[in-house]
Amino acid sequence: MAAVRTYWLIAGMWVRSTMAYRASFAMTTFGNFAATSFDFVAIMLMFSRVHALGGYTLPEVAFLYGLSGVSFGLADLAIGSMDRLGRRVRDGTLDTLLVRPAPVLAQVAADRFGLRRLGRVVQGSLVLAWSLTRVDIDWTPPKLLLMPVMVLSGFAIFCAVFVAGAAFQFVAQDASEVQNAFTYGGTTLLQYPPTVFAKELVRGVTFVLPLAFVNWLPASYVLGRPYPLDLPHWVAFTSPLVAVGCCALAGLAWRAGLRSYRSTGS
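Residues numbered from 1 in each chain as written. Predicted model: local features only at pLDDT ≥ 70, side-chain atom pairs only at ≥ 80, totals over all residues. Heavy atoms only, no water.

**Q** For the overall build of the protein chain, give the residues involved together with the corresponding values.
**A** Counting secondary structure elements, the protein chain contains 12 helices and zero strands. Against the globule reference of 18 Å for 266 residues, the protein chain gives a C-alpha radius of gyration of 19 Å, in line with a compact fold. For the protein chain, the proportion of its 266 residues judged to be buried stands at 49%. For the protein chain, the share of sequence-separated contacts (at least 6 apart) that also reach a separation of at least 24 residues comes to 78%. (Helix = DSSP H or I, 4+ residues; strand = E, 2+ residues; numbered from the N terminus. Rg over C-alpha atoms; globule rule 2.2 N^0.38 Å. Buried < 20%, exposed > 50% of the residue type's maximum accessible area, 1.4 Å probe, protein only. Contact = heavy atoms within 4.5 Å.)

Below you can see the structure in the form of structure tokens.
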């Protein structure tokens with residue numbers, strides 16, 4: 001509870017600071033929305049030349065894109081500032097957070113809370129909503145229940161990746177680009193069907209870094225598509241368990257990294 005309260009206090013401070021310049025907030029949010037929209041524009045340009053991508057139609061790819069975009073957008077909005085940790089480790093400003101009577105993880109996650117990142121969430125939501133009006137899905141109660149579960153589980157999995165990447169920076173220091181390869185790179189990977197990638201890569205994001213549980217596996221059940229790697233159908237409902245496991249491992253990595261921190265010595 002102390003961590004949650006600390007997070008909301010710091011995030012609220014940055015929101016109030018942002019809203020003091022509302023025109024600037026509106027422009028930066030629109031800029032974020034427009035920049036992320038180019039990813040889907042590229043997909044639409046591909047479909048202007050082909051009818052299917054890896055056996056998936058445009059509405060089905062948009063469905064994957066929307067799920068990935070919303071889940072990652074929420075995680076980026078909530079704790080996207082974690083990629084600044086390496087800079088704090090390198091210049092020693094992390095020491096300021098350590099002497100405060102508040103959880104360090106909550107302080108780092110809420111630092112410079114960027115409300116402008118709502119643009120990514122809105123853009124992903126619009127694509128997802130459009131795909132649901134075009135894709136042919138035989139809706140059943142389990143599929144309806146799986147929709148919010150997918151978004152929340154994907155949000156938790158991406159949050160775990162952000163925290164684990166931040167923990168790695170205690171060792172590698174300013175290695176934000178390595179972290180971005182798994183966060184921003186991961187969401188770009190999930191925007192496309194698993195059938196366009198090599199099986200070794202699909203195995204890696206299923207059994208090593210389980211990003212496939214964000215949308216590939218549960219979306220295969222919703223769309224009625226064959227599962228990647230011929231996995232059993234019940235794995236579509238294991239995303240919450242995978243998310244809990246990822247968060248637990250990320251928490252352990254964070255504690256280990258924080259305990260290994262020795263400051264800059266200056």
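Let's pick the thread back up.
**Q** Tell me about the packing of helix 8 (residues 141-172) against helix 12 (residues 239-260), residues and numbers included.
**A** It is at 8 Å that the axes of helix 8 and helix 12 come closest, and there the two elements cross at 20 degrees. Judged on the interaxial angle alone, helix 12 and helix 8 are roughly parallel. In this structure, the crossing between helix 8 and helix 12 has a hand that is left-handed. Between helix 8 and helix 12, the contacting residues are Val149, Ser153, Ala156, Ile157, Ala160, Val163, Ala164, Ala166, Ala167 and Phe170 on the first element and Ser239, Pro240, Val242, Ala243, Cys246, Cys247, Ala250, Ala253, Trp254, Gly257, Leu258 and Ser260 on the second. Across the contact of helix 8 with helix 12, the residue classes break down as 18 nonpolar, four polar and no charged. (Axes fitted to C-alpha atoms, helices over the stretch in contact; angles between N-to-C directions. Parallel < 35°, antiparallel > 145°, perpendicular 65-115°, else oblique. Left-handed = near helix turned anticlockwise from the far one by under 90°. Nonpolar A, V, L, I, M, F, W, Y, C, P; charged D, E, K, R; others polar.)

**Q** Kindly report on helix 8, identifying the contributing residues and their values.
**A** Between its first and last C-alpha atoms helix 8 spans 46 Å; for 32 residues at 1.5 Å apiece the expected length is 46 Å, and the two agree. Roughly 25 degrees is the biggest bend found in helix 8, and it falls at Met147, with proline Pro148 one to four residues downstream. (Expected span 1.5 Å × (residues − 1). Bend = angle between axes of the 7 residues up to and from the residue.)

**Q** Give a description of the environment of Ala256 that names residues and reports values.
**A** Structurally, the position occupied by Ala256 is in helix 12. Residue classification places Ala256 among the partly exposed residues on the basis of a relative accessible area of 48%. Spatially, the C-alpha atom of Ala256 lies 9.8 Å from that of Phe168, the residues being 88 residues apart in sequence.

**Q** Describe a nonpolar patch on the surface, with residues and values.
**A** Judged by side-chain polarity, Phe38, Val41 and Leu45 come together as a nonpolar surface patch covering roughly 320 Å² of accessible area. With respect to the helices and strands, Leu45 occurs in helix 2 (residues 22-47). (Patch = residues over 30% accessible without salt bridge, like charges linked within 9 Å, V, L, I, M, F, W, Y side chains within 5 Å. Areas by Shrake-Rupley, 256 points an atom, 1.4 Å probe, with all protein chains shown as cover. Salt bridge = Lys/Arg side-chain N within 4 Å of Asp/Glu carboxyl O.)

**Q** Can you tell me about the pattern of salt bridges, naming the residues and giving the values?
**A** The final tally for this structure, using the stated rule, is three salt bridges. Among the ionic pairs, Arg225 bridges to Glu60, the shortest N-O distance being 2.7 Å. Here Arg225 is found in the loop between helix 11 (216-223) and helix 12, whereas its partner Glu60 is found in helix 3 (residues 58-79), with 165 residues between them in sequence. Judged by its relative accessible area of 22%, Arg225 falls in the partly exposed class. When the shortest N-O distance is used, the salt bridge between Arg117 and Asp76 registers 3.9 Å.

**Q** Now, about the packing of aromatic side chains: what can you tell me, with residues and values included?
**A** Scanning the model with the defined rule gives 12 aromatic pairs in all. With centroids separated by 6.4 Å and ring planes inclined at 85 degrees, the aromatic side chains of Tyr7 and Phe113 adopt a geometry described as edge-to-face. In this pair, Tyr7 is assigned in helix 1 (residues 2-19) and Phe113 in the loop between helix 6 (104-110) and helix 7 (118-134), connecting sequence segments 106 residues apart. The same class applies to Tyr7 and to Phe113, which are both buried. Ring plane angle 65 degrees and centroid distance 5.0 Å describe the contact between Tyr221 and Phe237, whose orientation is recorded as edge-to-face. Residue Tyr221 is located in helix 11, and its partner Phe237 is located in the loop between helix 11 and helix 12; the two are separated by 16 residues in the primary sequence. (Phe/Tyr/Trp six-rings, centres within 6.5 Å; stacked < 30°, edge-to-face > 60°.)

**Q** Please give an account of unusual backbone geometry that cites residues and values.
**A** Although it is not a glycine, Arg112 adopts a positive phi angle of roughly 55 degrees. Mapped onto the secondary structure, Arg112 falls in the loop between helix 6 and helix 7. Judged by relative accessible area, Arg112 falls into the partly exposed class, the value being 46%. Of note in the backbone geometry, Leu229 takes a positive phi value of approximately 65 degrees without being a glycine.

**Q** How would you explain the side chain of Arg117 if you had to name every residue and give the values?
**A** Residue position: Arg117 is located in the loop between helix 6 and helix 7. In contact with Arg117, other than residues within four places in its own chain, are Asn32, Asp76, Leu77, Gly80, Ser81 and Arg84.

**Q** Can you break down the nonpolar core residue by residue, with the values?
**A** If you look at the biggest cluster of nonpolar residues, it comprises 75 residues, and the most contacted ones within it are Phe63, Met82, Leu94 and Trp254. It is helix 8 that provides the largest number of residues to this core, a total of 14 residues. Residues within four places of Trp254 in sequence aside, it is in contact with Met82, Leu85, Val104, Leu105, Val108, Val163, Ala166, Ala167 and Phe170. (Core = buried A, V, L, I, M, F, W, Y, C linked by side-chain atoms within 4.5 Å.)

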